[in-house]
Amino acid sequence: VRRSADLQKPRIVERLQQIAELLEESTTAVEADVLLTDNFLAPGYGVAGPETKEAISLAARMEGIILDPVYTGKTMAGAVHWARENRGSHILFVHTGGGPSIFGYDEDMMAASASG
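Quantities reported herein were computed from a predicted structural model and do not represent experimental measurements.

**Quick word on the packing of helix α2 (residues 50-63) against helix α3 (residues 72-85)**
It is the contact of α2 with α3, at a shortest axis distance of 8 Å, that shows an interaxial angle of 85 degrees. When the axes of α2 and α3 are compared, the pair comes out roughly perpendicular. Residue-level inspection shows Glu51, Thr52, Glu54, Ala55, Ile56, Leu58 and Ala59 of α2 in contact with α3, the latter providing Gly73, Lys74, Met76, Ala77, Val80 and Arg84. Across the contact of α2 with α3, the residue classes break down as seven nonpolar, two polar and four charged.

This is the structure we're talking about:
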């Protein structure tokens, strides 16, 4: 949510390699294994665009999950887009937190709740 895909991908691969070492696994990920997009960064870090607001609203209405507009809302926007483009595929969404940040985004959270 704050780095371009080309800057973030090597960081993810590095973390996956560290996890493999901790698990004493010999197989590690390579960049080709990581599907990554930065299409949901706009309009900027900490700023929720229409896709993010829609994703926050959908998650709340459909699943009872509260997402923040900085991290998890943008991630869910990507997951919603992926699901719409790849009907029938499986998607795993990992909610990593972010709850406290919702209090700093009153207008975004109210707009998301009103769009349902």
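Now that the structure has been shown, we can carry on.
**A word on the environment of Arg15**
The topology assignment puts Arg15 in helix α1 (residues 5-22). Residue Arg15 is classed as partly exposed on the basis of its relative accessible area of 40%. In sequence terms Arg15 and Phe93 are 78 residues apart; their C-alpha atoms lie 18 Å from each other.

**Considering the side chain of Asp68**
Tracing the sequence through the fold places Asp68 in the loop between α2 and α3. Buried and unpaired, Asp68 has Lys74 as its nearest opposite-charge partner, separated by 9.1 Å. At 2.7 Å, the side chain of Asp68 and the backbone nitrogen of Tyr71 are in polar contact. Reaching out from Asp68, the side chain makes a polar contact with the side chain of Thr72 at a distance of 2.7 Å. Excluding residues that lie within four positions of it along the chain, Asp68 makes contacts with Ile56, Gly73, Gly97, Gly98, Ser101 and Ile102.

**Remarks on unusual backbone geometry**
Of the consecutive residues Ala42 and Pro43, the connecting peptide bond is found in the cis state with omega at 5 degrees. Mapped onto the fold, Pro43 is located in the loop between α1 and α2. If you check the backbone angles, Glu24 has positive phi at about 55 degrees while not being a glycine. You can see Glu24 is positioned in the loop between α1 and α2.

What counts and how
Residues numbered from 1 in each chain as written. Predicted model: local features only at pLDDT ≥ 70, side-chain atom pairs only at ≥ 80, totals over all residues. Heavy atoms only, no water. Axes fitted to C-alpha atoms, helices over the stretch in contact; angles between N-to-C directions. Helix = DSSP H or I, 4+ residues; strand = E, 2+ residues; numbered from the N terminus. Parallel < 35°, antiparallel > 145°, perpendicular 65-115°, else oblique. Contact = heavy atoms within 4.5 Å. Nonpolar A, V, L, I, M, F, W, Y, C, P; charged D, E, K, R; others polar. Buried < 20%, exposed > 50% of the residue type's maximum accessible area, 1.4 Å probe, protein only. Lys, Arg positive; Asp, Glu negative; His and termini not counted. Salt bridge = Lys/Arg side-chain N within 4 Å of Asp/Glu carboxyl O. Polar contact = N/O pair within 3.5 Å; in protein donor to acceptor, adjacent residues only side chain to side chain.

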